[in-house]
Amino acid sequence: MNKLKITASALAVAAVSATAAGAQAVKVAGSSTVLPYATIVAEAFAENTDFPAPVVEGGGTGGGLSQFCQGVGGNTIDVANASRPIRENEAAACAENGVTDIMEVRFGYDGIVFASDINGPDFTLTPQDVFLALAQNVVVDGESVANPNTTWNQVNPDLPEQEILVFVPGTKHGTREVFEEKVMAAGCETSGAAEAFTAALGEDEGETACMTLRTDGRSVDIDGDYTETLARLGSSPQAVGVFGLSFYENNTDKLKVATIDGIAPSVESVASGEYPVSRPLFFYVKAQHFEDVPGLKEYAAFFVADALAGPGGPLAAYGLVPDPELAATQAAVEAETIMPAN
């Protein structure tokens, strides 16, 4: 990567060789969606400052936040990448383990897409179609029954006559939660199943029923990152995979994307809010490590600088939808704004 023309004043970065020499590298883990963005930033950070290159790993949003909340000190990570906001129980776990000063940094947006083999048929999906294909139970003649659908055209006659097989991010991934809320729950509502489930099971159990996926092999959890999902599609070209928009946009030679509610996913349709399945992206910083980990605050500021996360920057080039409120994020990082305690 060529050195970016970024000034220290623009980033509030003071790259001091004497301080950085031999310093502990910033340690980052978490979301597979955020992973490529953090990798781009880490490489540029090392090239444009005298701080060590941050060590960036995946593990999923839940896995990263679990590591992040294990405590304070050199044997814990400094930054957790996340494709959803931190949950109350995760924040509580952090507090119990002494992680009390957390910066929540939103740096942009991404879409969730359904994609299949580039040589396969076109899919024009709705959340209702996905719910009827993947839910463990659906409503038939007013009764909740085990999902009988085995092909897409049984779900909707306008869809291909193709066996239902979908690779879905596993439960440790932030993408899974957004998929459940914005696709499964939305489809459950429009199909009328939500009302029937609530009437039969109560509000909480009815909501759970809406988002519970079938376990007969037609919905397959993928615990690895999107490269594993892509590999699974390679061996099962009739399947559909759930990806982040940026991953799809970097693999358009292999994948064909479905429309949702008639809208094709793109940076433009996510930015406008027209595409219905999108989410903000975050990273969480352990502010208690600022004094002991040289470059930690500078890394956070570098990540959200206009030259990196703004329009025309390398993150946008990879597929990030820039946050229109990025200036406010930059100010919050500079001020070391901490999340309020629960």
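Residues numbered from 1 in each chain as written. Predicted model: local features only at pLDDT ≥ 70, side-chain atom pairs only at ≥ 80, totals over all residues. Heavy atoms only, no water.

Peer 1: Quick question: what am I supposed to make of the packing of aromatic side chains here?
Peer 2: Here the distance between the centres and the angle between the planes together describe a pair of aromatic rings. Scanning the model with the defined rule gives 16 aromatic pairs in all. Between Tyr226 and Phe247 the ring centres are 5.5 Å apart and the planes differ by 50 degrees, which places this aromatic pair in the tilted class. Taken together, the residues span a long stretch of sequence, with Tyr226 in helix H11 (residues 226–235) and Phe247 in helix H12 (residues 245–249) at a distance of 21 residues. Owing to a relative accessible area of 6%, Tyr226 belongs among the buried residues under this scheme. Taken together, the ring pairs in this structure connect Tyr37, Phe45, Phe51, Phe107, Phe283, Tyr299, Phe302, Phe303 and Tyr318 into an aromatic cluster. A cation over an aromatic ring shows up here: Lys286 above the ring of Phe68, its NZ or CZ 4.9 Å from the ring centre. (Phe/Tyr/Trp six-rings, centres within 6.5 Å; stacked < 30°, edge-to-face > 60°. Helix = DSSP H or I, 4+ residues; strand = E, 2+ residues; numbered from the N terminus. Buried < 20%, exposed > 50% of the residue type's maximum accessible area, 1.4 Å probe, protein only. Lys NZ or Arg CZ within 6 Å of the ring centre and 35° of its normal.)

Peer 1: Explain helix H9 (residues 193–201) to me, please; I cannot follow it from the model alone.
Peer 2: Residues separated by three or four positions in an α-helix point in the same direction, a consequence of the helix having 3.6 residues per turn. Inspection of H9 places Ala193, Ala194 and Phe197 among the buried residues, and these make up the whole buried set. One side of H9 carries all its buried residues, which in axial view fall inside an arc of 100 degrees. Of the residues in H9, the exposed ones pointing more than 90 degrees away from the buried face are Glu195 and Ala199. Buried residues along H9 sit against helix H6 (127–134), strand E6 (137–140), strand E7 (143–146), helix H8 (174–191) and helix H10 (203–211). Taken from the residues just after H9, Gly202 is the one with a positive phi, measuring 95 degrees. (Arc of directions from axis to C-beta. Contact = heavy atoms within 4.5 Å.)

Peer 1: Quick question: what am I supposed to make of the domain arrangement of the chain here?
Peer 2: Accessible area lost on assembly of the parts is the figure often given for the size of an interface. Along its sequence, the chain is organised into domain 1 (24–110 + 279–334) and domain 2 (111–278). The interface of domain 1 with domain 2 comprises 18 residues on the first partner and 19 residues on the second. Together, the buried faces of domain 1 and domain 2 total about 1,500 Å²; carbon and sulfur atoms form 51% of this surface. Sorting the residues of domain 1 by area buried against domain 2 places Asp110, Arg279 and Tyr318 first, and these three jointly supply 38% of that buried surface. Scanning the region where domain 1 abuts domain 2 turns up 2 salt bridges. In this structure, Arg84 and Glu177 form a salt bridge, with 3.4 Å as the shortest nitrogen-oxygen distance. At the level of secondary structure, the elements contributing two or more residues to the side of domain 1 that touches domain 2 comprise helix H4 (60–68) and strand E4 (102–117). A class-by-class count of the residues in the side of domain 1 that touches domain 2 yields 5 nonpolar, 9 polar and 4 charged. (Domains from an automatic or database assignment. Buried area = accessible area lost by both parts, 1.4 Å probe. Salt bridge = Lys/Arg side-chain N within 4 Å of Asp/Glu carboxyl O. Nonpolar A, V, L, I, M, F, W, Y, C, P; charged D, E, K, R; others polar.)

Peer 1: Could you clarify how one ought to interpret the packing of H6 against H8 in this entry?
Peer 2: Each pair of packed helices can be described by the angle between their axes along with the distance between the axes. Their axes nearest at 7 Å, the elements H6 and H8 cross at an angle of 90 degrees. Taken together, H6 and H8 sit at an angle that is classed as roughly perpendicular. Facing H6, whose interface residues are Pro127, Gln128, Val130, Phe131 and Leu134, H8 presents Phe179, Lys182, Val183, Met184, Ala186, Gly187, Cys188, Thr190 and Ser191. Residues of the contact of H6 with H8, tallied by class, amount to 9 nonpolar, 4 polar and 1 charged. (Axes fitted to C-alpha atoms, helices over the stretch in contact; angles between N-to-C directions. Parallel < 35°, antiparallel > 145°, perpendicular 65-115°, else oblique.)

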